[in-house]
Amino acid sequence: MNPSVNDHAALIAAYKRAEADAAYKFGLIHTVAKKGPKAIQAAVETAAKAAKRRDAFAKKLSVLGVSLQALP
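Let us look at the overall build of the protein. Within the protein one finds two helices and zero strands. The long-range fraction of contacts in the protein, counting pairs at least 24 apart against all pairs at least 6 apart in sequence, stands at 70%. A total accessible area of about 5200 Å² is found for the protein, and carbon and sulfur atoms account for 62% of it.

Turning our attention to the pattern of salt bridges. Summed over all chains, the structure comprises three salt bridges. Lysine 25 is the partner of aspartate 21 in a salt bridge, and the nearest nitrogen-oxygen pair spans 3.3 Å. Of this pair, aspartate 21 and lysine 25 both sit in helix H1 (residues 3-31), four residues apart, roughly one helical turn. Residue aspartate 21 is classed as partly exposed on the basis of its relative accessible area of 23%. Residue classification places lysine 25 among the buried residues on the basis of a relative accessible area of 19%. Between arginine 53 and aspartate 21 there is a salt bridge; the shortest N-O distance is 3.2 Å.

The biggest cluster of nonpolar side chains holds six residues, and these are Leu11, Ile12, Tyr15, Ala58, Leu61 and Val66. The set of elements that each furnish at least two residues to this core consists of H1 and helix H2 (37-63). Among the elements that make up this core, the one with the highest residue count is H1 (three residues).

Attention shifts here to H2. Relative to the 39 Å expected for 27 residues at 1.5 Å per residue, H2 spans 39 Å between its end C-alpha atoms, a close match to the ideal helical length. All buried positions along H2 are accounted for by Ala43, Ala47, Ala50, Ala51, Ala58 and Leu61. Looking one or two residues past H2, glycine 65 carries a phi angle of roughly 85 degrees, positive in sign.

Here the focus is the environment of alanine 18. You can see alanine 18 is positioned in helix H1. Residues in contact with alanine 18, not counting those within four places in the same chain, are Ala50, Arg53, Arg54 and Phe57.

In this section: the environment of alanine 33. With respect to the element layout, alanine 33 can be found in the loop between H1 and H2. Taking C-alpha positions, alanine 33 is 9.2 Å from alanine 43, a pair spaced ten residues apart along the chain.

In this section: the environment of alanine 58. Along the chain, alanine 58 turns up in helix H2. Judged by its relative accessible area of 14%, alanine 58 falls in the buried class. When the C-alpha atoms of alanine 58 and leucine 68 are compared, they prove to be 7.4 Å apart, with ten residues separating the residues in sequence. Apart from the residues within four sequence positions on either side, alanine 58 is in contact with Tyr15 and Leu68.

Here is what the cut-offs are and how they apply
- Residues numbered from 1 in each chain as written.
- Predicted model: local features only at pLDDT ≥ 70, side-chain atom pairs only at ≥ 80, totals over all residues.
- Heavy atoms only, no water.
- Helix = DSSP H or I, 4+ residues; strand = E, 2+ residues; numbered from the N terminus.
- Contact = heavy atoms within 4.5 Å.
- Areas by Shrake-Rupley, 256 points an atom, 1.4 Å probe, with all protein chains shown as cover.
- Salt bridge = Lys/Arg side-chain N within 4 Å of Asp/Glu carboxyl O.
- Buried < 20%, exposed > 50% of the residue type's maximum accessible area, 1.4 Å probe, protein only.
- Core = buried A, V, L, I, M, F, W, Y, C linked by side-chain atoms within 4.5 Å.
- Expected span 1.5 Å × (residues − 1).

Spelled out as structure tokens, the structure:
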């Protein structure tokens, strides 16, 4: 494999991890709902940061011409 394919694979793996992390952290919002508004706010902020990381990886993949719909 040439380095660019390895770079693509590493970026795709990072995107998938970020996507799973964002989904998990959005799920935490419902879990901490019983703990009060401060906990909810912290969970929302954490989820937003995770989504931002996911979107940054998605943008990098888009620039490289990798379709996110084609990813398993």
